[in-house]
Amino acid sequence: MKKGIQQILMIVQYPENVSPCQRFRFELYKDTLVKNGYEVTTKSFLDPADFKIIHQYGFLFKKSLALCKGFFKRLLLLFKIDKYDFVLVQREFAPVGPPVFEWLVARLFQKKLIYDFDDAIWLPSVSKQNRLAAHFKNAQKVNAICKMAYCVSAGNQYLCNHARQYNSNVVYNPTCVDTVNRYNVLANHDVEKITISWTGSFSTLKYLAIVENALRRLQDKYDFNVKIICNQQPSLNLKNVAYVEWSEENEVSELAACQIGLMPLTADEWSEGKCGFKLIQYLSLGIPSVSSSVGVNKKIIEAGVNGYFADSDDEWYNNIEKLLLDASLRKRMGIAGRQKMIAQYSLQSNEANFLNLFTTIEPAILTLNRSFKLPLRKLLNLRSMAQLVFRRGNALNA
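Residues numbered from 1 in each chain as written. Predicted model: local features only at pLDDT ≥ 70, side-chain atom pairs only at ≥ 80, totals over all residues. Heavy atoms only, no water.

Overview of the side chain of Lys340
With respect to the element layout, Lys340 can be found in helix α14 (residues 327-344). Among all residues touching Lys340, those that are not within four sequence positions of it are Lys299, Ile300, Glu302, Asn306 and Tyr345. (Helix = DSSP H or I, 4+ residues; strand = E, 2+ residues; numbered from the N terminus. Contact = heavy atoms within 4.5 Å.)

Some words on the sheet that holds strand β2 (residues 38-44)
Ordered by their spatial adjacency, six strands build an open sheet running β2-β1-β3-β4-β5-β6, and the pairing between neighbours is parallel. Only two strands of the sheet have a single neighbouring strand rather than two, namely β2 and β6 (170-172). Taking each pair of neighbouring strands and ignoring which way they run, the sheet shows an average axis angle of 20 degrees. One ladder, built from five bridges, connects strand β3 (residues 86-90) with strand β4 (residues 112-117); its direction is parallel. Note that in β4 the partner of Leu88 across the bridge is Ile114. Here helix α6 (residues 141-148) sits on the sheet in contact with β4 and β5 (151-154), set at roughly 140 degrees to β4. (Pairing = 2+ DSSP bridges. Axes fitted to C-alpha atoms, helices over the stretch in contact; angles between N-to-C directions.)

Quick look at the side chain of Asn250
Among the secondary structure elements, Asn250 is positioned in the loop between β9 (241-245) and α9 (251-256). Here the side chain of Asn250 touches Glu245 through a polar contact of 2.9 Å, landing on its backbone oxygen. Excluding residues that lie within four positions of it along the chain, Asn250 makes contacts with Val244, Glu245 and Leu255. (Polar contact = N/O pair within 3.5 Å; in protein donor to acceptor, adjacent residues only side chain to side chain.)

Section: unusual backbone geometry
If you check the backbone angles, Arg91 has positive phi at about 70 degrees while not being a glycine. Mapped onto the elements of the fold, Arg91 is located in the loop between β3 and α5 (100-108). The backbone of Gln110 sits at a positive phi, close to 55 degrees, despite the residue not being glycine. Its place among the elements puts Gln110 in the loop between α5 and β4. Assessed through its relative accessible area of 30%, Gln110 is described here as partly exposed. (Buried < 20%, exposed > 50% of the residue type's maximum accessible area, 1.4 Å probe, protein only.)

Concerning the sheet that holds strand β8 (residues 225-230)
The strand order across the open sheet formed by six strands is β9-β8-β7-β10-β11-β12, and the pairing between neighbours is parallel. Of all strands in the sheet, those bounded by a partner on one side alone are β9 and β12 (307-309). Each adjacent strand pair in this sheet contributes to an overall mean axis angle of 20 degrees, direction not counted. Of the strand pairs in this sheet, strand β10 (residues 260-263) and strand β11 (residues 289-291) are connected by three bridges, and their pairing is parallel. Each residue of the ladder has a partner; that of Leu262, found in β11, is Val290.

A few points about the layout of surface pockets
In this structure, the second largest pocket occupies an estimated 380 Å³ of space. Lining the second largest pocket we find 17 residues, and of these Glu27, Leu28, Asp31, Asp178 and Leu347 sit closest to its centre. Contributing elements (two or more residues each) for the lining of the second largest pocket: α2 (30-35) and α15 (347-355). With four residues, the single largest contributor to the lining of the second largest pocket is α2. Grouping the amino acids of the lining of the second largest pocket by side-chain chemistry returns four nonpolar, four polar and nine charged. (1 Å grid on protein atoms, 1.4 Å probe; cavity = no way out; pocket = protein on both sides within 12 Å on 5 of 7 lines; lining within 4 Å. Points joined across faces, edges and corners; volume = space filled by probe spheres on them. Nonpolar A, V, L, I, M, F, W, Y, C, P; charged D, E, K, R; others polar.)

Brief notes about the pairing of strand β7 (residues 195-199)
Judged by how many residues are buried, β7 sits mostly within the fold: five of five residues are covered. The two faces of β7 match: Thr195, Ser197 and Thr199 on one face and Ile196 and Trp198 on the other face are all buried. At this point the chain moves from β7, through helix α8 (residues 209-219), to the parallel β8, and the crossover so formed is right-handed. When β7 meets β10, the two strands line up parallel, connected through two bridges. Considered in β10, the bridge of Ser197 is made with Gly261. (Right-handed = clockwise from strand over helix to strand, strands pointing away.)

Here we look at the pairing of β8
Counting buried residues along β8, five of its six residues qualify, which places the element largely inside the surrounding structure. Relative to β8, β7 runs parallel, the two being bridged by five bridges. Directly across from Ser197, in β8, lies its bridge partner Lys227. Inspection of the sheet shows β8 paired to β9 by five bridges, in the parallel sense. Within the sheet, the bridge partner assigned to Val226 lies in β9 and is Val241.

Some words on helix α4 (residues 60-78)
Between its first and last C-alpha, α4 extends 28 Å over 19 residues, near the 27 Å set by a 1.5 Å rise per residue. Three or more residues of α4 are buried, namely Lys63, Ala66, Gly70, Arg74, Leu77 and Leu78. Down the axis of α4, the sector holding all buried residues measures 125 degrees, keeping them to one side. Seen from the open side of α4, the exposed residues pointing more than 90 degrees away from its buried face are Phe61, Cys68 and Phe72. At its buried positions, α4 is contacted by β1 (6-12), β2, α3 (48-54) and α5. (Expected span 1.5 Å × (residues − 1). Arc of directions from axis to C-beta.)

Structure, rendered in structure tokens:
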């Protein structure tokens, strides 16, 4: 380890460069961290092969094997935990069970644990493909981890307010994009045929049902395309639907070829925890958006300035129609949206806030009795164990 360089361990669920909640919440800042004297190591629970099957139907044996592999990797990681100054945990160390690893890191090893989440994950939520996992999930551990954490990083004020019930050191850390090096193009609104876009993961495809009827009514009157950028093909009763399989390489170019963005949501607690990332993507590329007036959407969208709200079929129909018919309106709203993203939701605007997560303020945490803590730490130190065995072996041979 280089002298003077502080070590950060990022504990994530998925391999790098595949999950938006990882890519845009902290993978985005890796260069920034390195430039500011940190060295970053990322450890995922799932490897790339396991990630490909974990959200598919079936594969029960392979999923069980992936879970076992993930736990084994987490156990091995404890032998190296002493080298790190900060441990950033995205959502949880492991997708099932109690927060044992978090307790060991925060309480036993006394590491500065930074806990990050961007959904209301204290609410039970399991995908249809993994319904069996619901019996082993422990959503309430979120509150316990908040208590253990040196700092909590959350993606909107609703999430921050929940975390503040358990920890006084909570930082609002919005999900951001790099508006200089990546999200740095503007959508072309001078096109013959408009494309309305929706982008997201398979878990949010269900929200498209909210706007489907309005889109169908609009297609009876106007000729436009609908583009769905996702990791799973949708089932929509619409004309001119193009499905584009999401990839890191195409996410900007495919979205920038669209003129209107959609973000429908249901009005419930889970949606209140959403961080509006679809809107951030659209507006960063100069794409005005129509969204449900739920949660953080109401902070990102300024009605009539960079988009519209819609909470009924007629509102979806009327507000999408306004944007369909007026290219100058789309341009004006798109530019206003991009300006707001640069100012409030860009990597460049949030760098200092993100770096503040990694301070040297000592957390006020419950410490273990020294006579109990040191033997346990010694047991988890592989080098100490090897030396102990070697010394005993020599003593017996003497």
